[in-house]
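Coordinate inspection notes
Spelled out from the first residue to the last, the chains are:
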Amino acid sequence: MKAFLARIMAGTDHVLLPFLAKFGIWGIGALALLDSSSLPVPMDAFLAISVWNDKGRFWVYCLMAAAGSAIGGLLPYGLGRAGGELFLLKRVNRERFERMRTRFERQEFLAMMIPSMLPPPTPWKAFVFAAGVFEMRVVPFMAAVFCGRLIRWLVLSLLVLNLGPGAVEVVAHHSLTVVGVAGALAVIGFAWWWFRKKHAGKVLRD
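Residues numbered from 1 in each chain as written. Predicted model: local features only at pLDDT ≥ 70, side-chain atom pairs only at ≥ 80, totals over all residues. Heavy atoms only, no water.

1. Comments concerning the overall build of the protein
The helix and strand tally for the protein stands at 12 helices and zero strands. Ordered by position in the sequence, the α and β elements of the protein form the string α-α-α-α-α-α-α-α-α-α-α-α. Within the protein, buried positions represent 41% of all 206 residues. Summarising the internal contacts of the protein: among those between residues at least 6 apart in sequence, 75% fall at separations of at least 24. For the protein, the computed accessible surface area is about 11900 Å², with 68% contributed by carbon and sulfur atoms. (Helix = DSSP H or I, 4+ residues; strand = E, 2+ residues; numbered from the N terminus. Buried < 20%, exposed > 50% of the residue type's maximum accessible area, 1.4 Å probe, protein only. Contact = heavy atoms within 4.5 Å. Areas by Shrake-Rupley, 256 points an atom, 1.4 Å probe, with all protein chains shown as cover.)

2. Re the packing of helix α3 (residues 24–37) against helix α5 (residues 58–72)
Contact geometry of α3 with α5 gives a least axis separation of 7 Å together with a crossing angle of 30°. Relative to α5, α3 is oriented roughly parallel. The element α3 and its partner α5 pack so that their crossing is right-handed. Packed against α3, whose contacting residues are Gly24, Ile25, Trp26, Ile28, Gly29, Ala32, Leu33, Ser36 and Ser37, the element α5 presents Val60, Tyr61, Met64, Ala65, Gly68, Ser69, Ile71 and Gly72 at the interface. A class-by-class count of the residues in the contact of α3 with α5 yields 10 nonpolar, seven polar and no charged. (Axes fitted to C-alpha atoms, helices over the stretch in contact; angles between N-to-C directions. Parallel < 35°, antiparallel > 145°, perpendicular 65-115°, else oblique. Left-handed = near helix turned anticlockwise from the far one by under 90°. Nonpolar A, V, L, I, M, F, W, Y, C, P; charged D, E, K, R; others polar.)

3. A closer look at the pattern of salt bridges
Within the structure shown, the criterion is met by six salt bridges. A salt bridge links Arg94 to Glu98, with the nearest nitrogen and oxygen atoms 3.0 Å apart. Of this pair, Arg94 and Glu98 both sit in helix α7 (residues 94–106), four residues apart, which is roughly one turn of that helix. A network of salt bridges, in which partner residues are shared, links Glu85, Arg94, Glu98 and Arg101. (Salt bridge = Lys/Arg side-chain N within 4 Å of Asp/Glu carboxyl O.)

Encoded structure:
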């Protein structure tokens, strides 16, 4: 455990992060808020240590981290909504911009939830910024982030309970596999939702 903790701390020069981690569940929420809003935080590692040290309440840590992430994400989301369109148009042409808008508006919840499920190096803040640019409503945005993060950290917590804190390294080394599995689950979930939606519409018409 000490060696694992030392490797985590070696990756960051911020005194604030280990200080907040000492506050348990509330500290995890604060770390997640910082990570989503501004300061990069090795959330998986901090969460893994917290869950390992307090196994009986692993689900509470996951809930608090997901809530902190959803709240913290409002900052880059707000920046995107305030003037991100011009910023984005400087980096992509109008045609690609409109394609992005169309794809996002058709499946905005999944477009935000799936990246929230995925581990680094997924450019999560870019998706959050885009959610603001394309004017995703605040409540669905926060719900999508919360659900995605909760799934991600529940899976990590279950791995930690079985493998120890080193499960973070397993996830990091097999991130492509994790991305593939999460993507497949998301596609299956969306197909199921779409089928139920069409079926319900057919019943109403009949």
